[in-house]
Amino acid sequence: MPKWTYDGRMARALAASDVFHAVADAHRREILDVLVEGERPVGELVDVLRLAQPQVSKHLRVLSDVGLVTCRADGRRRLYRLDHENLRPLHDWWEKYQQYWNRRLDRLDDYLGDLQRKEPDR
């Protein structure tokens, strides 16, 4: 017998309140990837992502709830765009790891340079 149970409502509540949980879903990351190129109507997102319209709308709702996308009306269409400023928590979090990898790569570069200098002439 499992020690825990999955509660779909809890997953939605987490995603709806936290940028990190919102982008944990692959489909929502795909939507952000499309919107980074510019504003798009829902119908276009449906076509590009090959998902059903209700699925895309559900994911857009989560992204909108955490402020990663905004929506504006253009007649009967709803146009969505990325809100870059609300990506800041992700950027700030990732920056630590980027610095870590840069230091590691710099050390590797130094090591390879030392090896090349130590190599006997052929």
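Reading the values: the criteria
Residues numbered from 1 in each chain as written. Predicted model: local features only at pLDDT ≥ 70, side-chain atom pairs only at ≥ 80, totals over all residues. Heavy atoms only, no water. Helix = DSSP H or I, 4+ residues; strand = E, 2+ residues; numbered from the N terminus. Buried < 20%, exposed > 50% of the residue type's maximum accessible area, 1.4 Å probe, protein only. Contact = heavy atoms within 4.5 Å. Areas by Shrake-Rupley, 256 points an atom, 1.4 Å probe, with all protein chains shown as cover. Core = buried A, V, L, I, M, F, W, Y, C linked by side-chain atoms within 4.5 Å. Patch = residues over 30% accessible without salt bridge, like charges linked within 9 Å, V, L, I, M, F, W, Y side chains within 5 Å. Salt bridge = Lys/Arg side-chain N within 4 Å of Asp/Glu carboxyl O. Axes fitted to C-alpha atoms, helices over the stretch in contact; angles between N-to-C directions. Left-handed = near helix turned anticlockwise from the far one by under 90°. Nonpolar A, V, L, I, M, F, W, Y, C, P; charged D, E, K, R; others polar. Expected span 1.5 Å × (residues − 1). Bend = angle between axes of the 7 residues up to and from the residue. Parallel < 35°, antiparallel > 145°, perpendicular 65-115°, else oblique. pLDDT = per-residue confidence, 0-100.

### A few points about the overall build of the protein chain
- Helix and strand counts for the protein chain stand at six helices and three strands.
- Tracing the protein chain from N to C terminus, the helices and strands come up as α-α-α-β-α-α-β-β-α.
- In the protein chain, which comprises 122 residues, the share counted as buried stands at 25%.
- Residue pairs in contact within the protein chain that sit at least 24 positions apart in sequence constitute 50% of those at least 6 positions apart.
- Per element, the accessible surface of the protein chain, about 9,600 Å² overall, is 51% carbon and sulfur.

### Here's the deal with the nonpolar core
- By size, the foremost hydrophobic cluster in this structure holds 22 residues, and its most contacted members are Val-56 and Leu-60.
- Where this core is concerned, the elements lending two or more residues are helix H2 (19-22), helix H3 (26-35), helix H4 (42-49), helix H5 (53-65) and strand E3 (77-82).

### Some remarks on a nonpolar patch on the surface
- On the surface, Phe-20, Trp-93, Trp-94, Tyr-97, Tyr-100, Trp-101, Leu-105, Leu-108, Tyr-111, Leu-112 and Leu-115 cluster together into a nonpolar patch covering about 1,100 Å² of accessible area.
- The biggest single contributor to the nonpolar patch is helix H6 (residues 88-118), with 10 residues.
- Within the fold, Tyr-111 resides in helix H6.

### Examining the packing of H3 against H4
- Running from amino to carboxyl end, H3 crosses H4 at an angle of 115°, the nearest separation of the two axes being 11 Å. In this structure, H3 meets H4 at a crossing whose hand is right-handed. On H4, the residues touching Glu-30, Ile-31, Val-34 and Leu-35 of H3 are Leu-45, Val-48 and Leu-49.
- Looking at side-chain class alone, the contact of H3 with H4 contains six nonpolar, no polar and one charged residues.

### Considering H6
- The terminal C-alpha atoms of H6 lie 44 Å apart, and with 31 residues this matches the ideal 45 Å at 1.5 Å per residue to within 8%.
- Its maximal kink placed at Glu-95, H6 deviates by approximately 25°.

### Observations regarding the packing of H4 against H5
- The contact between H4 and H5 brings their axes to 9 Å, and the two run at 110°. By the angle class used here, H4 and H5 are roughly perpendicular. In this structure, the crossing between H4 and H5 has a hand that is right-handed. Between H4 and H5, the contacting residues are Val-42, Leu-45, Val-46 and Leu-49 on the first element and Gln-53, Val-56, Ser-57 and Leu-60 on the second.

### Some remarks on the confidence of the model for the protein chain
- Overall, the predicted model of the protein chain reaches an average pLDDT of 84, with 84% of residues at or above 70.
- Note on residues 1-8: pLDDT is under 50 here. Beyond four places in sequence and across chains, it has one contact.
- In this model residues 10-16 is a low-confidence stretch, pLDDT under 50, and it forms 10 contacts with partners more than four residues away in sequence or in other chains.

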